[in-house]
Amino acid sequence: MSTVAAKKTVSVVEFLEAIFLSALEGDVQFAVWRKPGTSKIEVVLDSNGNATQVIPHLEQLPSGFILHPFADTKSAYFIPAETYFSFDLEADTAYELPENLVSGFDEHSFTSGETIRQLLKKRISSETGDTKEPTAKEAFLAMVEEAKQEILVGKLFKVVTARTKHCPLPTRFDLVQTFLALCAAYPNSFVNFFRIPGIGTWLGATPELLIRTKGKLFHTMALAGTQRAVGDNPVKNTAWTQKEIEEQALVSRYIVSCFKKIRLREYDEIGPKTSMAGNLLHLKSDFFVDMKATGFPELGTVMLDLLHPTSAVCGMPKETAHQFIETHEGFERGFFAGYLGPVNIGGETSIFVNLRCGQLRGDQVILYAGAGITEDSEPEKEWEETEMKCDIIRRFLLKPELS
Ligand SMILES: C=C(O[C@@H]1C=C(C(=O)O)C=C[C@H]1O)C(=O)O
């Protein structure tokens, strides 16, 4: 990993624009993100440009950004941090533009928003992926009914059914402003953009941590149950139904069953508590492990393998739920409900479930959202829930100034 010498002084926004310009122009693989609860934007860029697949053995990987599809392929894409940048959105600092970004930026500095839009359009016009129609409401409702039947006859406890929604890429779409608006609106989410040429270009703001390791600390969470945040203090005043409580408890039990599999008995469980993700509320339990005291130095890798896909995005039992999804959803999830995040950067690995996201492809954004189905689910309500989840990103595609 190299940090390149600096030359020209610019603002944070200009710095970000210069990165997008240079990465899109060079057609290289790169990822840009902002971790929950921070104001630091981080970037990895790999000018080699070739998609690389790795076994997700976290402790052995160099610094970079990992991306795994929903399908349990056991191999992940990896963007090595050939170059790494970080800058603070809140610090009123002027940044020195690294030499390798200066030329492209100078050429376009007065029109960078428009130039990024043109470049992005050019790049995503040839992107591959699922070309199916968006999920029709009737088809989704029928799928939920079918899932409930399978739950009633005891084949499944829970399954997370998902749908797609297409949103035309607005003519005045501004990638940098949209990214910044997502950062401002969702301080507790992992806001991310990544592009691997030929593989995909995605944008998202996910509230769900899959695994985090820093020093001797391991952290994962069980997140499920969804309702719209209303009123003055929704985190304090929201009540949850038995259905939602059970749905989230299933995810917690799944995490504990993974700990049991590896005979790990010492962990702290905090929650369930109400947690806010934009204008949505979820039930969340956090699990912490001292990897040193328990003698599990590679817990990150072990749990990543055991957890993915969790019952928060797939279901229980896992294999039957996976099969139900494959048979009924009618589209490829791709990176949706997979995982993504920085690996071994600043002594930390933070991997998130890829939710509240969309793939930029052709002239549109394909949004993805799912909802956990249990025997008490009402199909119409589940559809509404997916609409709210699609809106997390969609409202900013349409109007970045919403923030
Ligand atoms: C599947 C999604 O979200 C997951 C499902 C939830 C639910 O069923 O209530 C809540 C949070 C996430 O674990 C999604 O956002 O698409």
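Refer to the structure printed above.
As the structure is a prediction and not an experimental result, all values here were calculated from the model. (Residues numbered from 1 in each chain as written. Predicted model: local features only at pLDDT ≥ 70, side-chain atom pairs only at ≥ 80, totals over all residues. Heavy atoms only, no water.)

Pairing within the open sheet is antiparallel, and its 9 strands lie in the order E7-E3-E2-E10-E11-E19-E20-E9-E16. Edge positions in the sheet fall to strand E7 (83–88) and strand E16 (315–316), since each of these pairs with one other strand and no more. The pairing of strand E9 (residues 158–168) with E16 spans 2 bridges and is classified as antiparallel. Bridge pairing in E16 places Lys158 opposite Met316. Relative to strand E10 (residues 190–196), helix H5 (residues 175–185) is tilted by about 150°, and along the sheet it contacts strand E2 (29–34), strand E3 (40–46), E10 and strand E11 (200–206). Helix H11 (residues 379–398) contacts E9, E11, strand E19 (357–361) and strand E20 (364–373) of the sheet and is inclined by roughly 150° relative to E20. (Pairing = 2+ DSSP bridges. Helix = DSSP H or I, 4+ residues; strand = E, 2+ residues; numbered from the N terminus. Contact = heavy atoms within 4.5 Å. Axes fitted to C-alpha atoms, helices over the stretch in contact; angles between N-to-C directions.)

Another point: the nonpolar core. With 78 residues, the main nonpolar core has Val44, Phe65, Ile66, Leu67, Leu299, Met303 and Ile351 as its most contacted residues. At 7 residues, the largest contribution of residues to this core is made by helix H7 (residues 242–261). Shared between two domains, this core takes at least three residues from each, and those domains are domain 1 (6–124) and domain 2 (137–184 + 208–402). The residues touching Met303, leaving out its near neighbours within four places in the chain, are Ile211, Phe218, Ile255, Cys258, Phe259, Ile262 and His308. (Core = buried A, V, L, I, M, F, W, Y, C linked by side-chain atoms within 4.5 Å. Buried < 20%, exposed > 50% of the residue type's maximum accessible area, 1.4 Å probe, protein only. Domains from an automatic or database assignment.)

Quick look at helix H10 (residues 318–328) now. The complete set of buried residues in H10 reads Lys318, Ala321, His322, Phe324 and Ile325. Looking down the long axis of H10, one finds its buried residues gathered within 160° of arc, a one-sided arrangement. Exposed and oriented more than 90 degrees from the buried face of H10 are Glu319, Gln323, Glu326 and Thr327. Summarising the contacts, the buried residues of H10 are in contact with helix H4 (137–152), E9, H7, helix H9 (299–307) and E16. Just beyond H10, the residue with positive phi is Gly330, at close to 80°. (Arc of directions from axis to C-beta.)

Ordered by their spatial adjacency, 9 strands build an open sheet running E4-E6-E5-E17-E18-E12-E13-E15-E14, and the pairing between neighbours is antiparallel. The open sheet has two edge strands, strand E4 (53–54) and strand E14 (268–277), and neither has a second partner. Inspection of the sheet shows strand E13 (residues 217–228) paired to strand E15 (residues 280–290) by 11 bridges, in the antiparallel sense. Bridging from a neighbouring strand, Arg228 pairs with Leu280 of E15. Relative to the sheet, H9 contacts strand E12 (209–214), E13, E15, strand E17 (339–343) and strand E18 (348–353), its axis offset from that of E12 by approximately 170°.

Walk down a regular strand and you will see the side chains alternate between the two sheet faces. Counting buried residues in E17 gives 5 out of 5 residues, a clear majority hidden from the surface. Of the strand pairs in this sheet, strand E5 (residues 64–68) and E17 are connected by 5 bridges, and their pairing is antiparallel. Across the sheet, the residue bridging to Phe65 is Pro342, located in E17. In the sheet, E17 pairs with E18 via 2 bridges, with the strands oriented antiparallel.

Next up on the list: the site of the ligand. Around the ligand sit 18 residues in total, of which Glu208, Thr226, Arg356, Gly370 and Gly372 are the nearest. In this structure, Thr226 approaches the ligand through a side-chain N or O atom, which is 2.6 Å from an oxygen atom. In this structure, an oxygen atom belonging to the ligand sits 2.7 Å away from a main-chain N or O atom of Gly370. Considering the ligand on its own, with 390 Å² of exposed area, one finds that the protein chains cover 100% of that surface. Taken together, the elements giving at least two residues each to the shell around the ligand come down to E13, E20 and H11. Grouping the constituent residues of the shell around the ligand by class yields 8 nonpolar, 5 polar and 5 charged. (Near = heavy atom within 4 Å. Polar contact = N/O pair within 3.5 Å; in protein donor to acceptor, adjacent residues only side chain to side chain. Areas by Shrake-Rupley, 256 points an atom, 1.4 Å probe, with all protein chains shown as cover. Nonpolar A, V, L, I, M, F, W, Y, C, P; charged D, E, K, R; others polar.)

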